[in-house]
Amino acid sequence: MDSFRLPGTDIPVKLIDDLSKDEVLEFPAFKNWIELLQSNMSLQSKPEHVYHKSPYVLRDIKIQALDRFGKRIGFMKIVANITNSEGEFLPGAIFLRGASVGMLVLLQPDDLPAGSQDEKHVILTVQSRVAAGGLQFVELPAGMVDRGSFAGTAAKEIQEEIGLEIPEDELINLSELAIPPCPGGEEQSPRAMFPSSGGCDEYIPIFLHEKRVPREQLKEWTGKLTGLRSEGEKITLKLVKLEDLWLEGARDAKALAACALYDGLKRSGKL
């Protein structure tokens, strides 16, 4: 089994067959994860840090498996061996997949008075999610971030999934409105929701787009079959009242996060 050392360190990274050092270091999810981990672990040198007396050290990384999207890496499973001088360890089994983005699209009939908060509807998607063991999983529209900005990816995903074109400059990042930037010198973390931080690096900023549309258009979108057929997607739209989002999307972390963020930001006057 081949291995290499992380640049500038003595930390070995064990590879699997048909995987090169360059591919690992260029895989965005691995690159972002290791940079964030090393930066935050360096803070243990400060006397006030909770682990200062017995700091944890990244000893080695073992790559166990990966999936490719064509030739490029899509997902990677790794184990990071992190221990301190007392023999204590931190759980380090990680599924690397990178950032995603969620979209809270609020539609309101345009025959209501300007400024009205009535009859707001949320677009949800119903689609197969084999990992969840189901064929009709209800969730907020979402997609992985590969290249480009979060906002651009969000707009592209929503157009592909529901056929609604949204200018990037009409998106509001709810996550950034709610989560202040981490001060310099403190532990850093993306300003987003982590759906499974115990074993996955994925984080999801939630974006908002509000649009007034003809009342008849709302009816037409409900039950519409859409999605990228070439990628095996078959997506049905579900239009629900904003006040019912917490219930209709109760299985989906993105929907619950969007519900909480929207409500909290409204109550605090930030939105």
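Residues numbered from 1 in each chain as written. Predicted model: local features only at pLDDT ≥ 70, side-chain atom pairs only at ≥ 80, totals over all residues. Heavy atoms only, no water.

Looking at an unreviewed UniProt entry, the protein carries the name Nudix hydrolase domain-containing protein, with the source organism given as Cadophora malorum. Regarding the protein, the relevant UniProt record gives this comment under Cofactor (unreviewed entry): "Mg(2+)". (UniProt positions renumbered as here; feature names shortened; annotations may be inferred.)

Caption draft 1: Summary view of helix H2 (residues 28-41). For H2, which comprises 14 residues, the first-to-last C-alpha distance of 20 Å matches the rise-based estimate of 20 Å (1.5 Å per residue) to within 8%. Residues Ala29, Phe30, Trp33, Ile34, Leu37, Asn40 and Met41 constitute the buried set of H2. Buried residues of H2 fall within an arc of 140 degrees about the axis and therefore sit on the same side. Summarising the contacts, the buried residues of H2 are in contact with helix H1 (21-26), strand E3 (57-69), strand E4 (72-83) and strand E6 (93-96). (Helix = DSSP H or I, 4+ residues; strand = E, 2+ residues; numbered from the N terminus. Expected span 1.5 Å × (residues − 1). Buried < 20%, exposed > 50% of the residue type's maximum accessible area, 1.4 Å probe, protein only. Arc of directions from axis to C-beta. Contact = heavy atoms within 4.5 Å.)

Caption draft 2: Structural view of helix H7 (residues 253-268). Taking 1.5 Å per residue as the helical rise, H7 with its 16 residues ought to reach 22 Å, and the 22 Å between its terminal C-alpha atoms agrees with that figure. If you follow the buried residues of H7, they end up packed against strand E7 (100-109), strand E9 (134-139), strand E10 (142-144), helix H4 (174-178), strand E12 (206-213) and helix H6 (245-248). Trailing H7 by a residue or two, Gly269 shows a phi angle of about 80 degrees, which is positive.

Caption draft 3: Structural context of the pairing of E6. Only one face of E6 is buried, namely the one carrying Ile94 and Leu96, since none of Ala93 and Phe95 on the opposite face is buried. Examined bridge by bridge, E4 and E6 share four bridges and lie antiparallel to one another. Paired with Lys77 across the bridge in E6 is Phe95. (Pairing = 2+ DSSP bridges.)

Caption draft 4: Broad picture of the packing of aromatic side chains. Summed over the entire model, instances satisfying the criterion amount to five aromatic pairs. Considering the side-chain rings of Phe30 and Trp33, the 5.8 Å spacing of their centres and the 55 degrees angle between planes classify their relative orientation as tilted. Linking Phe30 with Trp33, this pair stays in helix H2, spanning three residues, or about one helical turn. For the pair shown, Phe30 and Trp33 are each scored as buried. The interplanar angle of 55 degrees and the centroid separation of 5.2 Å between the aromatic rings of Phe75 and Phe95 together place this pair among those described as tilted. Placement of Phe75 in strand E4 and of Phe95 in strand E6 is noted, with a sequence separation of 20 residues between them. Grouped by ring-pair contacts, the aromatic residues Phe69, Phe75 and Phe95 constitute a single cluster. (Phe/Tyr/Trp six-rings, centres within 6.5 Å; stacked < 30°, edge-to-face > 60°.)

Caption draft 5: Representation of a nonpolar patch on the surface in the model. Taken together, Trp246, Leu247 and Leu256 make up a surface patch of nonpolar side chains, about 330 Å² in accessible area. As for its placement among the helices and strands, Leu256 is situated in helix H7. Owing to a relative accessible area of 38%, Leu256 belongs among the partly exposed residues under this scheme. (Patch = residues over 30% accessible without salt bridge, like charges linked within 9 Å, V, L, I, M, F, W, Y side chains within 5 Å. Areas by Shrake-Rupley, 256 points an atom, 1.4 Å probe, with all protein chains shown as cover. Salt bridge = Lys/Arg side-chain N within 4 Å of Asp/Glu carboxyl O.)

Caption draft 6: Representation of the environment of Arg68. Residue placement: Arg68 occurs in strand E3. By relative accessible area, Arg68 is classed as partly exposed at 30%. Placed 20 residues apart in sequence, Arg68 and Glu88 show a C-alpha to C-alpha distance of 34 Å. Apart from residues no more than four positions distant in its own chain, Arg68 is found in contact with Asp18, Leu19, Glu23, Ile73 and Gly74. A polar side-chain atom of Arg68 sits 2.8 Å from the main-chain carbonyl oxygen of Asp18. (Polar contact = N/O pair within 3.5 Å; in protein donor to acceptor, adjacent residues only side chain to side chain.)

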